[in-house]
Amino acid sequence: MSQPFSGNRRALLKLLGLTLLATQLPATANPLPLIKPRRLHPGDTIGLISPARLVDQKTVDEFTPVLSQLGLNTKLGTHIFNQYGYLAGQDAERAADVNAMFADSSVQAVLAMAGGWGCNRILPLLDYQLIRQNPKIIIGYSDVTSLLLAIYAHSNLITFHGPLGTSTWNWFSIQHLQRILFDGEAMTLQNLLSTPVETITRGKARGRLVGGNLSLIAALVGSDYLPDWEHTILFVEDIREEVYRIDRLLTQLKLAGILDQLAGFIFAQCINCPAGDANEPSLTLRQVLSDHIKPLGVPAWYGSMIGHIQDKFTVPIGGMVEIDAERGTIRLLEPVVI
């Protein structure tokens, strides 16, 4: 019996190996150029969606005057008031609203009304090519983290971690949103004096800013909806998580190899994150951060004004920044809108 030609066999093995490697590459390994969305202008229309938990008419009616004061019009997603248990409609309906807003040329930006839970469920139903071909601002936080990260990872579009429709739209939050999304300012984000920062590791670092809610990032580990983490600045925030859970979530990122790739780290705010039962022994949040982050040797700090707080920054996921861990600042190196 004749033997198969060894050269063909080697070529086949090489092809199979390359195919396997390609399936394991992160989404942003695709060499697509980074896209900046168009900036906001008075008279623009903002598409309101509810990609996670349900919202009611009263909530939307109370929010739309805020956008009107900014000179913006609103357009509601077709399924925004739908209900499926605790979700704002079936997965296909919520995903359809996201896709439709990006396809609609009369809509210049997309804003999520609420977080809660549900965005992870719709990620496979989004049309990332459509989104890339129709780039526009999309903004939110909390559960919307997964939506922002998936769009950045698969469409290479800068997205924005900032206020939801149900957030407190006060002077601080509005000013930061206007300077970044309207004015296109490459500004430096620095806490109010009343909100001090705590340095974990001193130093400065540059990289693409990526992050969001810690629980949601951990929930996406193992999927292909997270971006490439190499040389990024990771920011995380959370709410109502006991310290041992924060420990568990950071451990998950460590074991997944994410923390070891970072150029810098920011733990923003952890609201109502107790150490646990007063009668039980516990680590403090500072100890947990020291255990996980200090050994990385990268600039890091705690306390940035991002997350489940009234006064919040709007930050670009995918934007190039320089951080200063001693001052607790995030400096945008270039405008993140065009």
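Along each chain, numbering runs from 1 in the same order as the chain's sequence is written. It should be noted that, the model being predicted, local features are given only for residues of pLDDT at least 70 and side-chain atom pairs only at 80 or more, the latter also being counted only at that level, while totals for whole chains, interfaces and linings use all residues. Note: side-chain values were computed over all heavy atoms of the structure, leaving out hydrogens and water.

A. Seen up close, the confidence of the model for the chain. Per-residue confidence for the chain gives a mean pLDDT of 92, with 91% of residues at or over 70. Scored below 50 in pLDDT, residues 1–28 makes 11 contacts in the model with residues more than four places away or belonging to other chains. For every residue, the predictor states its confidence as a pLDDT score lying anywhere from 0 to 100. When checking whether two residues touch, look at their non-hydrogen atoms; a contact exists if any pair is within 4.5 Å.

B. Layout of the state of the cysteines. Working definition: a disulfide is two cysteine sulfur atoms within 2.5 Å of each other. According to the stated counting rule, one finds 1 disulfide in the structure shown. The disulfide that involves Cys270 links it to Cys273, with 2.1 Å between the sulfurs. Since a negative S-S torsion denotes a left-handed disulfide, the Cys270-Cys273 link at about -80° is left-handed. The same class applies to Cys270 as to Cys273, namely buried. Each residue gets one of three labels from its accessible area relative to the maximum for its type: buried under 20%, exposed over 50%, partly exposed in between, using a 1.4 Å probe on protein chains only.

C. Focus on empty space enclosed by the protein. Any residue with an atom within 4 Å of a point lines the site, the site being either a cavity, points on a 1 Å grid over the protein atoms alone where a 1.4 Å probe fits but cannot get out, or a pocket, an open set with protein on both sides within 12 Å along at least 5 of 7 lines. Grid points are joined across faces, edges and corners, and a volume is the space filled by probe spheres set on the points. Within this structure, the stated rule accounts for 1 cavity of 30 Å³ or more. By volume, the largest cavity amounts to about 80 Å³. Where the lining of the largest cavity is concerned, the elements lending two or more residues are β3 (109–112), β4 (137–140) and α7 (171–182). Runs of H or I in DSSP of at least four residues are treated as helices and runs of E of at least two as strands, each being numbered from the N terminus. Considering every element that reaches the lining of the largest cavity, the biggest residue donor is β3, with 3 residues.

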